[in-house]
Amino acid sequence: MHNLNSKEPTGSIEGRWDKHQFDLKLIAPQNREKYNIIVVGTGLAGASLCATLGEAGFNVKSFCYNDSPRRAHSIAAQGGINASKNYKNDGDSVWRLFYDTIKGGDFRSRESNVYRLAQLSNNIIDQAVSQGVPFAREYSGYLANRSFGGAQVSRTFYARGQTGQQLLLGSYSAMSKEVASGRVKHYSRSEMLELIIVKDKARGIVVRDLVTGKIDSHTADCVVLCTGGYSNVFYLSTNAKGCNTSAGWRAYKKGAMFANPSFTQIHPTCIPPTGENQSKLTLMSESLRNDGRIWAPKNEKDCSKDPREIKEEDRDYFLERMYPSFANLVPRDIASRAVKSICDNGRGVGTEIDGQKLGVYLDFSTIIDKDGESKVKSSYGNLFDMYESITGENPYKVPMKIYPAPHYTMGGLWVDYNLMTTIDGLFATGESNFSDHGSNRLGASALMQGLADGYFIAPRTVIDYLASVDFETIDSTNPEVLSAVKSAEHRISKLMNAPDPIHSPDYFHKKIGRILWNCCGMSREKDSLERAIEEIKSLELLFWKNIKVTGVDDDFNQTLERAGRVADFIELGQLMCLDALAREESCGAHSRVEYLSESGEAKRDDKNYSHVSAWHYDESGPTIIKEALSFEYIKPSERNYK
Amino acid sequence: MNFTLHIWRQQNSQSKGSFQTYKVDNIDSDTSFLEMLDQLNESLIADGEDCIVFDHDCREGICGACSLVINGYPHGQKNATSTCQLYMRDYSEQNEIWVEPFRAKSFGTIKDLSVYRDAFDRIIQAGGFISSKTGSSPEANTFPVNKSDADSAFDSATCIGCGACVAVCPNSSASLFVAAKINHFDKLPQGKIESHKRAKLMVDKMEEEGFGSCSNHRHCEAVCPQGIDLSNITKMNSLIKPY
Ligand SMILES: Cc1cc2nc3c(=O)[nH]c(=O)nc-3n(C[C@H](O)[C@H](O)[C@H](O)COP(=O)(O)OP(=O)(O)OC[C@H]3O[C@@H](n4cnc5c(N)ncnc54)[C@H](O)[C@@H]3O)c2cc1C
Ligand code: SF4
Ligand code: FES
């Protein structure tokens, strides 16, 4: 039986990270160049880590599937990044950010990790500013903040609606500096296909050069995965098209545990789909909920009308009605479920898909009347432009239409306090791990976590690991390396040569996406989850029988890339349903219809489910291992946003 | 909507490419340009043919991956828009469409519509950063920055590194891209310290990578999806004057 040791330090929570850092081993500057570290993924989490390890003098090899690190999916984050600077003097503090994150995660995360995250939040802003990240400023010249996604304090730093872009360009430039110094060797258009384990330690990866199709091995002393989230398992999501689960999934298949796979976040404010051929959904930043008011027609008969002709008394500002104190700023899961239930009850607006109108209004007329169009433009100009270019409608004149979409995955590889997975020498950071957000992530906290991991935590803990272990030299002729390469080649050959090739990767991707959206999306239920598991099993068989990849494998072949990712999504989909089924409670974004209060709020079962569900894989299939959570500082309370 | 597409197909960087003609029918007007290509690729798979390779990722106009020349215009004719933000309703008047990769000496074609833009990464590596190290930064509010400077730094920083400015330039100059980065940092006190050195290093690298220099055709400004202003180049030129 496997045990999970979170390696959390003890003692007073304020001092835990400091004490732990002191206990972590160091490597003297003159010895650092003897160590080699592989970093897979160069979004915020990976680029910040590459920069920091390079500066410290270690040898880093980094990889990404994009044609440049600057294009990682982090680039698309819009709204902002949290920090407890309390510049607004509105009562914020490390403690409050800690409290809000634990509560927002609905008491399914570790106190020690979350406290550390809140502590480090402030250093991140300092770091970003010194790199030249052009955050919004007040007329005084000091940094501006806004309130974001359910927070009652203004702690969010932002760069218009392009915060992720500016932060990533900051990390990318810092990393570029280390590429120039020779400490970081970066490989773009390279996809990790396998993890190499030698004597129970992660020692390298197998990579496919996406341009030539060539498969190669790379070895090192340890491996850090910074490969992002898996929302694309739903096919339609707000993630970039290439986002995938493959790196983490390959590690899972080799023994790294996967934690809380069913904890996925559905973002309430996305542009609704308009047809069957839609390839992705676009997020409209949550910051819009600060000034926009969400409503649906009170009467079904008004749903096809021009919204401007619907009288004030015929509009249902349902979030303001249901949650008077938080109103339009309730957390994402609550807002998403409320929108879904309005549409399920026939009061949706917009294009009808499968017999249902999927959309509600997000209306700015109140604030435009009050402050004028130019004020609104200065806060949200680029978001409004984006909306107009996608929908062809002018949101200054006609209310926006929004609908929830898969957006973020709290689940991911299980890691201990050192961000190490259950495989020695394999670390996971950023969205690819499960660490800090429990069953629901607060807005503007993912950027914070990715950068805390990359700039401040992993650089300390990875070095401690390197200093603690004696490494034998291995090279590309090692039998474990050869066998990992073989297994990657074998998989590709299976994808290229299905017995009865009929359907494209997208065909299967849409199928798995549809099953999960219906059964493991905003609401989950025992029967439908059990059905979904059976359906996915048959889909998996069909996939390997009927997958059709044209072109050849030793070439730039995007169809082959997609096929490999979809194969992993199908397997992950099963685990998500198993996980959702095993958790017989509702918490955060995980909403089991059997366990909701009368008013539709999640009913947690702390007695039986105050744990992290970590899934371990071996030939006999997945088994669940539980990491019990204990709350010393924040007493679990019912989340109530009424 | 029905379209006749002439799409550049090229097997690899060594081979000679040519336009191939395809027909796509029953395209919904709310379909994006890239989704239209997705649909074409699905039909190619059905016919057992190799798909058309094109770069894309975010499909929200921010990652800078998408890079098509459509009817002669990088990112199509629509103003201040990247390829992924084009919708077929924008093409209601044109049912014959020519699609090519971004072309420039320093951007070799990899396959079909995809090109190498690694030269941009190397220009950034040459000096497109502030030499601050993790952990060495002062408290963020230590140095106030005039709001108008911060806003103007942001306007330059918003470049997505797509390369349309290079593709459209008769000299294949990367001046707009390089100038945007130089100005972003120059507007901020923490970046200004290295401004002259940075400008020199980046411009030298640009030339070394085979990009031409700017002779004021101004096409770059017109195709730039982020509306990066030509005045960035003037500013850059003043920074690289001998000092
Ligand atoms: C539209 C949108 C808006 C958002 N807005 C906000 C916001 O306002 N505030 C906030 O805090 N969070 C926001 N988020 C969430 C946040 O952006 C992400 O959680 C975060 O950026 C993830 O960073 P990351 O470095 O972990 O992963 P990513 O940025 O996704 O990077 C993943 C990296 O891994 C590489 N990679 C992946 N798989 C492989 C493989 N198999 N082989 C090789 N390389 C691989 C990729 O090339 C990439 O470099 C938003 C998310 C979305 C989708
Ligand atoms: S300046 Fe404009 S056109 Fe040139 S790379 Fe930047 S965003 Fe693209
Ligand atoms: S696909 Fe990202 S900018 Fe077009």
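Residues numbered from 1 in each chain as written. Chains lettered and ligands numbered in written order. Predicted model: local features only at pLDDT ≥ 70, side-chain atom pairs only at ≥ 80, totals over all residues. Heavy atoms only, no water.

A.B. asks: Describe in detail the side chain of Gln265 of chain A, supporting the description with residues and values.
C.D. replies: All names here are of chain A. Relative to the helices and strands, Gln265 is located in strand 11 (residues 264–270). Of the polar contacts made by the side chain of Gln265, one reaches the backbone oxygen of Arg441; its length is 2.7 Å. If we ignore the near neighbours within four places in the chain, the residues touching Gln265 are Arg332, Ala405, Pro406, His407, Tyr408, Met410, Asn440 and Arg441. (Helix = DSSP H or I, 4+ residues; strand = E, 2+ residues; numbered from the N terminus. Polar contact = N/O pair within 3.5 Å; in protein donor to acceptor, adjacent residues only side chain to side chain. Contact = heavy atoms within 4.5 Å.)

A.B. asks: Please provide a residue-by-residue account of the site of ligand 1, values included.
C.D. replies: Residues and elements named next belong to chain A. Among the 38 residues in the neighbourhood of ligand 1, the closest are listed as Asn66, Ser74, Gly79, Glu431 and Leu447. Contacts to ligand 1 include Leu447, whose backbone N or O atom sits 2.8 Å from an oxygen atom. Burial of ligand 1 by the surrounding chains reaches 98%, relative to a free accessible area of 1000 Å². Comparing atom positions with the cavity grids shows ligand 1 to sit within the largest cavity. (Near = heavy atom within 4 Å. Areas by Shrake-Rupley, 256 points an atom, 1.4 Å probe, with all protein chains shown as cover. 1 Å grid on protein atoms, 1.4 Å probe; cavity = no way out; pocket = protein on both sides within 12 Å on 5 of 7 lines; lining within 4 Å. Sits in = over half its atoms within 2 Å of the grid points.)

A.B. asks: Provide a residue-level description of the interface of chain B and chain A, including the pertinent values.
C.D. replies: The partner chain A presents 73 residues to the 73 residues of chain B that form the contact. Buried area between chain B and chain A, summed over both chains or domains, comes out near 6000 Å², and the portion from carbon and sulfur atoms is 48%. When residues of chain B are sorted by the area they lose upon contact with chain A, Glu60, Thr134 and Phe154 of chain B head the list and together hold 12% of the total. Our count for the chain B to chain A interface comes out at six salt bridges. Asp555 of chain A is paired through a salt bridge with Lys111 of chain B; the nearest N and O atoms lie 2.8 Å apart. For the pair chain B and chain A, the number of links is 47 residue pairs in polar contact (both at pLDDT 80 or more). Sorting elements by how many residues they give to the side of chain B that touches chain A places helix 3 (residues 147–157) of chain B first, with seven residues. Class assignment of the residues belonging to the side of chain B that touches chain A gives a composition of 32 nonpolar, 20 polar and 21 charged. (Buried area = accessible area lost by both parts, 1.4 Å probe. Salt bridge = Lys/Arg side-chain N within 4 Å of Asp/Glu carboxyl O. Nonpolar A, V, L, I, M, F, W, Y, C, P; charged D, E, K, R; others polar.)

A.B. asks: Got a sec to walk through the nonpolar core? Specific residues and values, please.
C.D. replies: In terms of nonpolar packing, the biggest core is built from 185 residues, with Ile81, Phe135 and Leu195 of chain A together with Val178 of chain B touching the most fellow members. Filtering out sequence-adjacent residues up to four positions away, Val178 of chain B remains in contact with Ile123, Met202, Val203, Met206 and Met236 of chain B. Core analysis: the next-biggest nonpolar cluster, separate from the first, contains 36 residues, Leu288, Phe318, Leu319 and Tyr323 of chain A among them. (Core = buried A, V, L, I, M, F, W, Y, C linked by side-chain atoms within 4.5 Å. Buried < 20%, exposed > 50% of the residue type's maximum accessible area, 1.4 Å probe, protein only.)

A.B. asks: Quick one: what's the story with the domain arrangement of chain A, residue by residue and with numbers?
C.D. replies: Residues and elements named next belong to chain A. Splitting chain A by domain gives domain 1 (267–406) and domain 2 (479–605). Centre-to-centre separation of domain 1 and domain 2, based on C-alpha positions: 30 Å. Contacts between the two partners involve 12 residues from domain 1, matched on the other side by 11 residues from domain 2. Summed over both sides, the interface between domain 1 and domain 2 buries roughly 870 Å², with carbon and sulfur atoms accounting for 51% of that surface. (Domains from an automatic or database assignment.)

A.B. asks: Break down the site of ligand 2 for me, with residues and values.
C.D. replies: Residues and elements named next belong to chain B. Lining the immediate environment of ligand 2, one finds 14 residues, of which Cys159, Cys162, Gly163, Cys165 and Cys224 sit closest. Those elements giving two or more residues to the shell around ligand 2 turn out to be helix 4 (164–168) and helix 5 (175–186). For the shell around ligand 2, a count of residues per class yields 11 nonpolar, three polar and no charged.

A.B. asks: If you had to explain the domain arrangement of chain B to someone new, which residues and values would you point to?
C.D. replies: Residue and element names in this part refer to chain B. Looking at chain B, the domain boundaries give domain 1 (3–111) and domain 2 (118–240). Computed over C-alpha atoms, the centres of domain 1 and domain 2 are 28 Å apart. Counting residues at the interface gives 16 residues for domain 1, matched by 19 residues for domain 2. Carbon and sulfur atoms supply 62% of the area that domain 1 and domain 2 bury against each other, a total of about 1300 Å² over both sides. Of all residues in domain 1, Pro74, Ser106 and Phe107 give up the largest surface area on contact with domain 2, accounting jointly for 36% of the area buried on that side.

A.B. asks: Talk me through the packing of helix 2 (residues 44–56) of chain A against helix 5 (residues 163–181) of chain A; I want residue IDs and the actual numbers.
C.D. replies: Residues and elements named next belong to chain A. Put simply, helix 2 and helix 5 touch, their axes get as near as 8 Å, and they point 35° apart. When you trace helix 2 past helix 5, the crossing you get is left-handed. Touching Leu44, Ala47, Ser48, Cys50, Ala51, Gly54 and Glu55 of helix 2 are Leu167, Leu168, Ser171, Tyr172, Ala174, Met175, Lys177 and Glu178, all from helix 5. Partitioned by chemical class, the residues of the contact of helix 2 with helix 5 number nine nonpolar, three polar and three charged. (Axes fitted to C-alpha atoms, helices over the stretch in contact; angles between N-to-C directions. Left-handed = near helix turned anticlockwise from the far one by under 90°.)

A.B. asks: For helix 5 of chain A, give the residues involved together with the corresponding values.
C.D. replies: Residue and element names in this part refer to chain A. Taking 1.5 Å as the rise per residue, helix 5 with 19 residues should run 27 Å; its terminal C-alpha atoms sit 27 Å apart, in good agreement. Of all 19 residues in helix 5, 17 are buried, a share of seventy percent or more. At the C-terminal side of helix 5, Gly182 shows a positive phi close to 90°. (Expected span 1.5 Å × (residues − 1).)

A.B. asks: Report on the pairing of strand 5 (residues 96–101) of chain B, specifying residues and quantitative values.
C.D. replies: Residue and element names in this part refer to chain B. Note: strand 1 (residues 3–9) against strand 5, four bridges, orientation parallel. Each residue of the ladder has a partner; that of Thr4, found in strand 5, is Glu96. With three bridges joining them, strand 3 (residues 68–70) and strand 5 adopt antiparallel strand pairing. Across the sheet, the residue bridging to Val69 is Glu100, located in strand 5. (Pairing = 2+ DSSP bridges.)

A.B. asks: Kindly report on the layout of surface pockets, identifying the contributing residues and their values.
C.D. replies: Estimates place the volume of the largest pocket at around 1100 Å³. Around the largest pocket, the lining is made up of 42 residues, and of these Gln162, Asn382 and Asp385 of chain A together with Pro225 and Gln226 of chain B lie nearest the centre. Secondary-structure elements contributing two or more residues to the lining of the largest pocket are helix 11 (373–391) of chain A together with helix 3 and helix 9 (231–240) of chain B. No other element matches the eight residues that helix 11 of chain A contributes to the lining of the largest pocket. The calculated volume of the second largest pocket comes to roughly 710 Å³. In this structure, the second largest pocket is lined by 29 residues; those nearest its centre are Leu236, Leu358, Arg514, Trp517 and Asn518 of chain A. Elements with a contribution of two residues or more to the lining of the second largest pocket: helix 9 (332–344), strand 17 (400–409) and helix 14 (505–519) of chain A. The element best represented in the lining of the second largest pocket is helix 14 of chain A, accounting for six residues. Shared between two domains, the lining of the second largest pocket holds at least three residues of each, these being domain 1 (267–406) and domain 2 (479–605) of chain A. (Points joined across faces, edges and corners; volume = space filled by probe spheres on them.)

A.B. asks: Please give an account of the confidence of the model for chain B that cites residues and values.
C.D. replies: Per-residue pLDDT for chain B averages 96, and the proportion of residues at 70 or more is 99%. Quick note on the complex model: pTM equals 0.97, ipTM equals 0.98. (pLDDT = per-residue confidence, 0-100.)

A.B. asks: Give me empty space enclosed by the protein: which residues, what numbers.
C.D. replies: Residue and element names in this part refer to chain A. Taken as a whole and assessed by the stated rule, the structure comprises 12 cavities of 30 Å³ or more. Its volume calculated, the largest cavity comes out at about 850 Å³. Along its surface, the largest cavity is lined by 50 residues, and His73, Ser74, Gly228, Gly229 and Glu431 are the ones closest to its centre. Only helix 2, strand 6 (190–198), helix 6 (246–253), strand 17 and helix 12 (446–468) provide two or more residues apiece to the lining of the largest cavity. Of the residues forming the lining of the largest cavity, the biggest block, four residues, is contributed by helix 12. Split by residue class, the lining of the largest cavity holds 19 nonpolar, 25 polar and six charged.

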